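# Structural overview
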Amino acid sequence: MSMLHPLLWPVLGLLMVTASPAEEPPSPAALDLSNMPAATILAVDHSDVLTVRQGSINMQVRLANLSVPSDNPQAQQAARDFLRNLLAGEKVWMIQTTAAPNPQAVRWYVYRWPDKLFVNLELVRQGYADMAPEPSGPAVTAQVLVYWRDQAKQSGKGIWGKGEAKPAVARAPASRPQQAKSAGAGPAAGDASVTDAATIVYVSASGKKYHRANCGTLRKGGNPVPLDEARKSREACRTCNPPQ
Ligand SMILES: [Zn+2]
């Protein structure tokens, strides 16, 4: 009996050595963003859509690799609130995953200035979004996102929470989505008008609709106007489905 103990020691040692390196998370590709201009966040339009000002151009940016359940308004709202808290008033660096022929198909990796927080990853890591494959994205980035998505799942964060009490929705389903957006978590009354004034949409001189920046029906490009102004005289475009 006493002879078994020395024989077991190497086995135990091996178990201890092999257990911890398996937990090492994959590392994202190193990025040199120092020579890139940072863009200013103008609005968080949706759970994965930002409006930014890059130089003198306002543009709408859709985050790559993300999927928030479209049939879950609470999850959409939670992701948008998180993104707003993370980025309102901030600057970001942006990297395009691919040069798509259709500008609406372009997806972006976004990094907060100046600490380089990888925003796409943060949404997945904190359980606000699932990871969606991005065919033209780097494989190493996909690995990192999958790793932290699985961690979030195991911990039951956000959309992965099972059986936990969801925050009560103290309102009936709203007929106008933009009212629902700010009614839930908005800290102050009148938050809706602030949000809509900060949300930029695009109009042409003669059109009857307002659009997202990259809408294909805006052939000459649109002029940026606050959403609350645009809404007074125009309807939301059905092609690009801008914020309402
Ligand atoms: Zn449009």
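Residues numbered from 1 in each chain as written. Predicted model: local features only at pLDDT ≥ 70, side-chain atom pairs only at ≥ 80, totals over all residues.

## Considerations on helix α4 (residues 139-154)
This is how the line gets drawn: The helix and strand labels rest on DSSP assignments: H or I over at least four residues marks a helix, E over at least two residues marks a strand, and numbering proceeds from the N terminus. One less than the number of residues in a helix, times 1.5 Å, gives the span that helix is expected to have. Contact between two residues is assigned when their C-beta atoms, built from the backbone, lie within 7 Å.
Relative to the 22 Å expected for 16 residues at 1.5 Å per residue, α4 spans 23 Å between its end C-alpha atoms, a close match to the ideal helical length. Packed against the buried residues of α4 are α3 (119-125) and β8 (130-131). Among the residues trailing α4, G156 stands out with phi positive, at a value near 65°.

## Describing helix α2 (residues 73-87)
Note the cut-off: Residue burial is a threshold on neighbouring C-beta atoms within 10 Å of the residue's own C-beta, all placed from the backbone, with 20 or more meaning buried, 12 or fewer meaning exposed, and counts in between meaning partly exposed.
Given a rise of 1.5 Å per residue, 15 residues ought to cover 21 Å, and the 21 Å separating the end C-alpha atoms of α2 matches this to within 8%. Among all positions of α2, only A75, Q76, Q77, A78, A79, R80 and L83 are buried. G89 sits one or two residues past α2 and shows a positive phi near 75°.

## A look at unusual backbone geometry
In this chain, W113 is followed by P114 through a cis amide linkage whose omega measures -10°. By the element assignment, P114 lies in the loop between β6 (108-112) and β7 (117-118). One non-glycine residue with positive phi stands out, namely K116, at about 65°. Tracing the sequence through the fold places K116 in the loop between β6 and β7. At N241, a residue that is not glycine, the phi angle is positive and equals roughly 50°. With respect to the helices, strands and loops of the structure, N241 is situated in the segment after β12 (235-236).

## Quick word on the environment of S233
With respect to the helices and strands, the residue S233 is situated in helix α7 (residues 227-233). Spatially, the C-alpha atoms of S233 and K208 are 7.6 Å apart, while their sequence positions differ by 25 residues.

## A few points about the sheet that holds strand β3 (residues 57-62)
Our working rule: Between any two strands, pairing holds if DSSP finds at least two bridges. Geometry is summarised by axes, namely lines fitted to C-alpha atoms with helices restricted to the contacting stretch, and by angles between N-to-C directions that run from 0 to 180 degrees.
Pairing is antiparallel across the open sheet formed by six strands, whose spatial order is β3-β2-β1-β5-β6-β7. The sheet is open, and its two edges are formed by β3 and β7, each paired on a single side. Alignment of strand β2 (residues 49-54) against β3, held across six bridges, turns out to be antiparallel. Looking at the pairing, L50 lines up with V61 of β3. Against the sheet, α2 touches β1 (39-46), β2, β5 (91-96) and β6, its axis set at about 165° to β1.

## Quick word on the confidence of the model for the chain
Rule in force here: Each residue gets a pLDDT score, which is the predictor's confidence in that residue and runs from 0 to 100.
Overall, the prediction assigns the chain a mean pLDDT of 80, with 74% of residues at 70 or greater. Least confident of the elements in the chain is helix α5 (residues 177-185), whose mean pLDDT is 43; most confident is α3, at 96. Counted against residues more than four places away or in other chains, residues 163-191, with its pLDDT under 50, gives 19 contacts.

## Considering the pairing of β2
Looking at chain direction, β1 and β2 are connected through five bridges and run antiparallel. Looking across to β2, one finds that A43 is bridged to T51. Adjacent in sequence and paired antiparallel, β1 and β2 are bridged by two residues. Here β2 hands over to β3 after two residues, with G55 in that stretch at a positive phi of 65°.

## A word on the nonpolar core
Under the convention used in this document: Think of a nonpolar core as buried Ala, Val, Leu, Ile, Met, Phe, Trp, Tyr and Cys residues, each tied to the set through C-beta atoms within 7 Å. The domain limits used here are those given by an automatic or database domain assignment.
In this structure, A79, V92, V110, L123 and V124 are the most contacted members of the largest nonpolar core, which totals 46 residues. Split by domain, this core shows at least three residues from each of two domains, domain 1 (39-160) and domain 2 (188-236). Contacts of V92, omitting those with residues within four sequence positions, involve A38, A39, I41, V52, L87, V110, Y111, R112, W113 and V119.

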